[in-house]
Amino acid sequence: MSSDTPNAPSPRDRREAVREKAQQVRAQQSRARLVRRSALALGAVAAVAALAVVVTWAVSSAMGRPQLSPQNLDDDGFAVTSITGSLSAPAAGAVAEATPTPTPTPTPAAEETEAAGVPAVEIDVYVDYLSPGAREWQIANAQQMSSWVNDGAVTLAYHPVSMLTAKSNGTKYSLRAAGAAACVATHSPATFFTFNSELLTRQPAVDSDGFSDEELADLAQAAGVEDPKTVRSCIRDGAYISWVKDATERAVSGIPGTDGLGLTGTPMILVNGQQYVGVLGDPAEFSQFVLTSASDAFYKTQATPTPTVSPTP
């Protein structure tokens, strides 16, 4: 009786079976890798498509929103035609106190300049509401500026800019404060000078967070704006932030009515297009500069020959 098992596979058959099984495993692994790669590719395509949708929506939304500009503008400035009410005293501890105000010298009378055909002196103030120098000049000169404007001796315009946006711990206070000033100038122009003075008098320190939008709106309401709800909404929405950025860039590129001047820092005070470079906290020196400018304008007018008409023969 033989001991061989007739149904047992031969070594060759076993090798073939192992090889076939290995091929099946490799085929399954290849299919699994293909499925994974396809899934990853589809996921990447879906992610790119989703990103494209988001970008398209964002761009469309931005393009759909109008770029708002404030009202009552003149060369990116807000004219102050009359000033009523009292101005606040400097806030204690906000920043270093300004130089005490000396007695200012008189400015040319409006009647004299009008009689001579000389227009009122034009004063333009480029102001960043986080600039200590702007605060110093405003506190020193606010009272005499009020008198000059109300007497019609000068025309006064403030140009809010944002040169110090990076100096407020990331809150962009300089930019937001200028935008708030534009909101007040647009919706309550008679209150602009008071609000402008409040922003400077109560100026936060450089490298602090500055006032929040709600606090800026509270200051505007305390200044007596005509429509507090509209002004508050304007400030909250940052309605004129883009305009402030553009106006600042335009001023840096070149200031209209000057001999090639560009904004390099604040405050920049121009009198009949000439930059004041005297002591910011000395109203007497500034008043003298205004007097000199008015006199120059007067003598230029007087020096202009009057056309004569020859008699007919």
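Details of the structure are given in the entry above.
Here we summarise the structure given alongside this text. (Residues numbered from 1 in each chain as written. Predicted model: local features only at pLDDT ≥ 70, side-chain atom pairs only at ≥ 80, totals over all residues. Heavy atoms only, no water.)

1. Observations regarding the overall build of the chain
Rule in force here: Secondary structure elements follow DSSP: runs of H or I of four or more residues count as helices, runs of E of two or more count as strands, with numbering from the N terminus. Exposure classes here rest on a 1.4 Å probe applied to the protein chains alone. A residue is buried below 20% of its type maximum, exposed above 50%, and partly exposed in between. We call two residues contacting when some pair of their heavy atoms lies within 4.5 Å. Note that accessible areas follow from Shrake-Rupley with a 1.4 Å probe, and for residues the cover is restricted to the protein chains shown.
The helix and strand inventory of the chain stands at 9 helices and 6 strands. By residue count, 36% of the 313 residues in the chain fall in the buried class. Nonlocal contacts in the chain, meaning residues at least 24 apart in sequence, comprise 76% of its contacts between residues at least 6 apart. Of the roughly 17,900 Å² that the chain leaves accessible, carbon and sulfur atoms contribute 56%.

2. Here we look at the state of the cysteines
To keep things clear, this is the line we draw: When two cysteine sulfur atoms lie within 2.5 Å, the pair is treated as a disulfide.
What the rule picks out here adds up to 1 disulfide. Bridging Cys183 to Cys234, the disulfide has an S-S length of 2.0 Å. Between Cys183 and Cys234, the S-S dihedral sits near -80 degrees, and the bridge is therefore left-handed. Of this pair, Cys183 sits in helix 4 (residues 173–187) while Cys234 sits in helix 7 (residues 228–237), placing them 51 residues apart in sequence.

3. What about the sheet that holds strand 3 (residues 121–127)?
Here is the rule: We call two strands paired when DSSP finds no fewer than two bridges between them. Interaxial angles span 0 to 180 degrees and are taken between N-to-C directions of axes, which are lines fitted to C-alpha atoms, for helices over the stretch in contact.
The 6 strands lie next to each other as 1-2-4-3-5-6, forming an open sheet whose pairing is mixed. Strands with a single pairing partner mark the edges of an open sheet, and in this sheet they are strand 1 (73–74) and strand 6 (274–275). Direction of pairing for strand 3 relative to strand 5 (residues 268–271): antiparallel, over a ladder of 4 bridges. If you follow Val125 over to strand 5, its bridge partner there is Ile269. Together, strand 2 (77–80), strand 3 and strand 4 (154–160) form the strand contacts of helix 5 (residues 192–201), whose direction differs from that of strand 4 by roughly 55 degrees.

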